[in-house]
Every structure is written in structure tokens, then in C-alpha cells.
Amino acid sequence: HVQLVESGGGSVEAGGSLTLSCVASGDIYRRYCMSWFRQSPGNEREEVVSMHSDGPTTYTDSVKGRFTVSEDVDRRTLYLKMDNLKSTDTAMYYCALVRRTDRSRSCPSGAGYTFWGQGTQVTVS
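Residues numbered from 1 in each chain as written. Predicted model: local features only at pLDDT ≥ 70, side-chain atom pairs only at ≥ 80, totals over all residues. Heavy atoms only, no water.

## A look at the environment of Asp72
Position of Asp72 among the secondary structure elements: in strand β7 (residues 67–72). By relative accessible area, Asp72 is classed as partly exposed at 27%. For Asp72 and Val23, which are 49 residues apart along the polypeptide, the C-alpha to C-alpha distance reads 9.6 Å. At a separation of 3.2 Å, a polar atom in the side chain of Asp72 contacts the main-chain amide nitrogen of Asp74. (Helix = DSSP H or I, 4+ residues; strand = E, 2+ residues; numbered from the N terminus. Buried < 20%, exposed > 50% of the residue type's maximum accessible area, 1.4 Å probe, protein only. Polar contact = N/O pair within 3.5 Å; in protein donor to acceptor, adjacent residues only side chain to side chain.)

## Notes on the sheet that holds strand β1 (residues 3–7)
Here we have four strands laid out as an open sheet, ordered β1-β3-β8-β7, and antiparallel in their pairing. Of all strands in the sheet, those bounded by a partner on one side alone are β1 and β7. Pairs of neighbouring strands in the sheet enclose a mean axial angle of 15°, with direction left out of account. In this structure, strand β3 (residues 18–25) lies alongside strand β8 (residues 77–82), joined through six bridges in antiparallel fashion. Across the sheet, residue Leu20 finds its bridge partner in β8, namely Leu80. (Pairing = 2+ DSSP bridges. Axes fitted to C-alpha atoms, helices over the stretch in contact; angles between N-to-C directions.)

## A short note on the pairing of strand β4 (residues 32–39)
Within β4, seven of the eight residues are buried, leaving the element largely enclosed by the surrounding structure. By the bridge criterion, eight bridges tie β4 to strand β9 (residues 91–99) in an arrangement that is antiparallel. Note that in β9 the partner of Trp36 across the bridge is Cys95. Sheet topology note: the β4/strand β5 (residues 46–52) ladder contains six bridges and is antiparallel. Paired with Phe37 across the two strands is Glu47, which belongs to β5. The hairpin turn running from β4 into β5, its antiparallel successor, is six residues long, and Gly42 in that turn takes a positive phi close to 85°.

So, in C-alpha cells, the structure goes:
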């Protein structure tokens, strides 16, 4: 099965930058959605960005213009470059993946993802 491992979290001052990585191993198949989620104490899980293997990428409004997702297919790695970090970005960040069985370019909500990493903590002071 697919295994996802996040890294790159840490502590940074407001206005700083971090880049998170999510390395995937296993049989991913041709079509999939891969996304970053985050959750902080007292808050519900929030989808930060979702990316379909066929192209469409959708960011939540609060990170538009500051966060950029990219994929290195050869390295089987998804990156999340975070710039101009704010204290409200403090959270545990998770990557998630779900295989898609048709040619649709849509991605599900969080409950629809079947593979999850263990998370990496981002703290902005």
C-alpha cells in the first residue's frame, strides 16, 4: 500500500518561510489526488491545497499567494513552499492521497482520502 512521510516542519518567526515535503512510496497508480491538510488545537481539520494528477490545483483562500504546491514525479515527492508565514498558520500539517478510478479531475473532501502521513509540526511565532 501507499506510504506517505512528511518532513520539513519546524519553528519560524512570522514572515519567514518553510518548505514541507511528502514522499510517497508504494503503488500510487496513474490518477490520484494528493493534498495538504492542517489542524491546530481547538480547530477542525482544514484542507490547505488539493492537487489532481491531471492538473487542477485548488488552494484555500487564506493561503493563496503565500503557499505554492509542486510535485517532483521522479522523486515521488509533493512539496509545499510556504512564504510570509503567519501565526495563524501554526498547525500540524498532513499530506494525504486517494486514487481516482475514473478520468474525472475532481478531488474529494478530507473524508475521501485513504492514505495519510503522520504529520509534521509547523510553529510560527
